[in-house]
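# Survey of secondary and tertiary structure
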Amino acid sequence: MCFHSISAAVTRRRQAEMVGAIDIGGTKTIVALVQEDGTIVDSERFPTCRAHCEAHLDACCEALQRLLRGQGLDVRCLSGIGATVPGIVDEKGQMLVHCAYPDWNGKPIGHMLGGRMGGFPVLIENDVNACALAELRFGAGGLHDFLWVTVSTGVGGAVVSGGRLVRGSKGFAGELGHIKVEYGRPCVCPSCGGRGCLEAHGSGRALDRMFRLEMKRNSQLAALVEGQGLPADGRGCAALAQQGVPQAVACFRRLGSYLGRGLGAAVNVLNPQAVILGGGVADSFSLMYNFIMETFCSCVHPSLMPVQLLHTGLGYHAALLGAAALALKGK
Ligand SMILES: [Zn+2]
């Protein structure tokens with residue numbers, strides 16, 4: 001075999017195996033080359049420039065080109081490019097129809113990225129929906145009916161039914177952060193402005209608030225946080241709950257109780273096999289599991305049980321792998 005044909009064979013193999021994945025989050029962006037089995041070959045990470053959409057898309061594409069050059073490849077070697085965005089996307093996977101950042105809102109991000117990659121087609125998807133696609137392709141242990149729930153600063157969700165992502169009429173399906181979970185003393189939801197939403201009571205932001213309130217009430221707890229050099233937020237709360245500090249455990253009990261209520265309501269409607277939790281707060285899964293299950297089991301109709309409550313195995317890269325899954329769609 002001459003050198004040229006060896007090179008062509010290698011290129012063909014790579015064409016079948018590699019995709020470009022761009023995960024544009026609210027604070028950081030990761031650009032990567034990912035193999036069809038979900039292996040991340042190489043990646044770059046940098047802050048998301050929320051104020052300047054065009055400049056940030058330039059940076060994403062420059063990073064992808066650098067990664068390709070690093071592997072001795074060009075864009076034609078890729079079998080697809082997918083990108084996740086922090087907002088609602090149209091069903092064609094091109095337009096960011098709703099985004100909290102004004103300079104990004106209403107822009108055809110898919111076409112804009114594609115134009116910067118020499119006309120290569122790029123599909124985009126909401127970041128939480130993308131996590132569900134990643135579970136479907138790379139994780140989820142063969143599950144085809146499940147609810148993905150991101151518990152981080154806020155609470156977001158995505159629904160997979162019959163192996164397909166459910167989008168709803170406007171692409172908002174699965175936004176379970178706005179299920180009402182508190183009627184007695186409801187807090188204002190920072191996202192929708194309503195009261196008593198799961199996002200207001202069962203999110204990372206809510207955990208921060210609960211923990212700070214406990215610290216205010218209990219000077220010994222505040223001294224413990226300071227003495228151990230812990231942050232006065234949910235991360236500090238998690239560290240102390242791991243040590244069995246009762247006030248910190250109580251915060252997770254309340255958080256878990258609200259999550260169980262919200263997830264239970266969603267499960268009654270959707271009848272999934274499993275609920276999969278991801279996001280920063282879900283890293284404290286073992287601290288919350290029993291508390292979530294307590295209210296979850298009391299909310300869900302017995303005929304729908306058992307429903308597995310799982311922590312994602314995709315870790316920090318769930319959304320990035322979702323971008324890869326998007327690029328591999330139909331392959
Ligand atoms: Zn809300």
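The numbering scheme is per chain: residues are counted from 1 as the chain's sequence reads. pLDDT decides what is reported in this predicted model: residues at 70 or higher carry local features, side-chain atom pairs at 80 or more are listed and counted, and totals for whole chains, interfaces and linings draw on all residues regardless. The side-chain quantities take in all heavy atoms of the structure and omit both hydrogens and water.

Let us look at the packing of aromatic side chains. By convention, a stacked pair of Phe, Tyr or Trp rings (six-membered ring in the case of Trp) has centres within 6.5 Å and planes under 30 degrees apart, an edge-to-face pair has planes over 60 apart, and any other such pair is tilted. Within the structure shown, the criterion is met by one aromatic pair. Between Phe 285 and Tyr 289, the ring centres sit 5.6 Å apart and the planes meet at 55°, which makes this aromatic pair tilted. Of this pair, Phe 285 and Tyr 289 are both found in helix α10 (residues 285–299), four residues apart, which corresponds to roughly one turn of the helix. Using a relative accessible area of 30% as the deciding quantity, one classes Tyr 289 as partly exposed. Each helix corresponds to a stretch of at least 4 residues labelled H or I by DSSP, and each strand to a stretch of at least 2 residues labelled E; elements are numbered beginning at the N terminus. Partly exposed residues are those whose accessible area sits between 20% and 50% of the maximum for their type, while under 20% is buried and over 50% is exposed, using a 1.4 Å probe and protein chains only.

Of all five residues in strand β7 (residues 122–126), four are buried; the element is thus mostly enclosed. Looking at chain direction, strand β4 (residues 81–85) and β7 are connected through five bridges and run parallel. Of the residues in β7, the one forming a bridge with Val 85 is Asn 126. One requirement defines pairing of two strands: DSSP has to find at least two bridges between them.

Our next topic: the nonpolar core. Soluble globular proteins tend to bury their nonpolar side chains together. We define a nonpolar core as any set of buried Ala, Val, Leu, Ile, Met, Phe, Trp, Tyr and Cys residues linked to one another through side-chain atoms lying within 4.5 Å. Core analysis: the largest hydrophobic core is formed by 44 residues, its most contacted members being Val 149, Phe 211, Phe 252, Leu 263, Val 275, Leu 277 and Phe 296. What makes two residues a contact is simply this: any of their non-hydrogen atoms within 4.5 Å. Dropping the residues within four chain positions of it, Phe 252 is found in contact with Leu 207, Cys 237, Ala 238, Ala 241, Ser 284, Leu 287, Met 288 and Phe 291. Counting residues in hydrophobic clusters, the runner-up holds 33 residues, among them Met 18, Phe 46, Val 75 and Ile 109.

Attention now moves to the sheet that holds strand β8 (residues 146–151). Strand order in this open sheet of five strands is β10-β9-β8-β11-β12, and the pairing throughout is mixed. The sheet is open, and its two borders are formed by β10 (164–166) and β12 (308–311), each paired with just one other strand. Taking the axes of each pair of neighbouring strands and ignoring which way they run, one obtains an average angle of 25° across the sheet. Summarising the sheet, strand β9 (residues 155–161) and β10 pair through three bridges and their orientation is antiparallel. Counted as the bridge partner of Val 160 is Leu 165 from β10. A fitted line through C-alpha atoms serves as each axis, taken over the contacting stretch for helices, and the angle formed by two N-to-C directions is quoted from 0 to 180°.

Below, the discussion takes up the coordination of the zinc ion. The zinc ion binds to the protein through His 178 (ND1), Cys 189 (SG), Cys 192 (SG) and Cys 197 (SG), with metal-donor distances spanning 2.0 to 2.4 Å. Geometry at the zinc ion is tetrahedral, judged from its four donor atoms and the angles of 102 to 120° they form at the metal. A 2.8 Å cut-off from the metal defines N, O and S donors, relaxed to 3.2 Å for Na, K and Ca; water is not in the atom list, so some sites may appear incomplete. Motif for the zinc ion, donor spacing along one chain: H-x10-C-x2-C-x4-C. In this pair, His 178 sits in the loop between β10 and α5 (198–201) while Cys 192 sits in the loop between β10 and α5, placing the two residues 14 residues apart along the sequence. Residue classification places His 178 among the partly exposed positions, given a relative accessible area of 26%. When its relative accessible area of 45% is taken as the criterion, Cys 192 is described as partly exposed. Donor angles set the geometry label: tetrahedral for four donors if every angle is between 85 and 135 degrees, square planar for four and octahedral for six if opposite donors exceed 155 degrees and the others are between 65 and 115, irregular for anything else.

Now for the layout of surface pockets. Here a cavity denotes grid points, spaced 1 Å and computed from the protein atoms alone, that fit a 1.4 Å probe unable to get out, and a pocket denotes an open set having protein on both sides within 12 Å along at least 5 of 7 lines; residues with an atom within 4 Å of a point are the lining. Grid points are joined across faces, edges and corners, and a volume is the space filled by probe spheres set on the points. As a volume, the second largest pocket reaches approximately 440 Å³. What lines the second largest pocket is a set of 20 residues, and nearest its centre among them are Leu 133, Arg 164, Leu 165, Leu 326 and Lys 329. If you list the elements that add at least two residues to the lining of the second largest pocket, you get β7, α4 (127–138), β10 and α11 (318–327). Per-class residue counts for the lining of the second largest pocket are nine nonpolar, three polar and eight charged. Taken together, domain 1 (3–134 + 318–327) and domain 2 (142–312) each give at least three residues to the lining of the second largest pocket, which thus spans both. Amino acids outside the nonpolar list (Ala, Val, Leu, Ile, Met, Phe, Trp, Tyr, Cys, Pro) and the charged list (Asp, Glu, Lys, Arg) are all regarded as polar, and Gly is one of them. All the domain ranges listed were derived from an automatic or database domain assignment.

For the rest of this paragraph, the subject is the state of the cysteines. The disulfide definition used here is simple: a pair of cysteine sulfur atoms within 2.5 Å. What the rule picks out here adds up to zero disulfides. This cysteine, Cys 53, is not joined by any disulfide, and Cys 99 carries the nearest cysteine sulfur, 8.3 Å off. Here Cys 297 is not cross-linked by a disulfide; its sulfur's nearest cysteine counterpart is in Cys 299, at 9.3 Å.

What the domain assignment reports for the chain is domain 1 (3–134 + 318–327) and domain 2 (142–312). Taken over C-alpha atoms, the centre of domain 1 sits 29 Å from the centre of domain 2. Each partner contributes to the interface: domain 1 provides 12 residues, whereas domain 2 provides 13 residues. When two parts are put together, the accessible area they lose, computed with a 1.4 Å probe and summed over both, is reported as buried area. Note on domain 1 versus domain 2: buried area summed over both sides is about 1000 Å², and carbon and sulfur give 64% of it. Here, a salt bridge means any side-chain nitrogen of Lys or Arg that lies within 4 Å of a carboxyl oxygen of Asp or Glu. There are one salt bridge connecting domain 1 and domain 2. In this structure, the salt-bridge partner of Arg 167 is Glu 125, at a minimum N-O distance of 2.8 Å. What qualifies as a polar contact is a pair of N or O atoms within 3.5 Å, subject to a donor-acceptor requirement within protein and to the restriction that residues adjacent in sequence count only when both atoms come from side chains. Our enumeration of links across domain 1 and domain 2 arrives at two residue pairs in polar contact (both at pLDDT 80 or more). Among the elements of the structure, β5 (87–89) and α4 are those that each provide at least two residues to the side of domain 1 that touches domain 2. Looking at the side of domain 1 that touches domain 2, the element that brings in the most residues is α4, giving five residues.

Okay, helix α6 (residues 204–217) next. Every helix has an expected span of 1.5 Å times one less than the residues it contains. Given a rise of 1.5 Å per residue, 14 residues ought to cover 20 Å, and the 20 Å separating the end C-alpha atoms of α6 matches this to within 8%. Looking at α6, one finds that the buried residues are Gly 204, Ala 206, Leu 207, Met 210, Phe 211, Glu 214 and Met 215. Where α6 is buried, its residues contact α5, α7 (219–227), α8 (234–242) and α9 (246–270).

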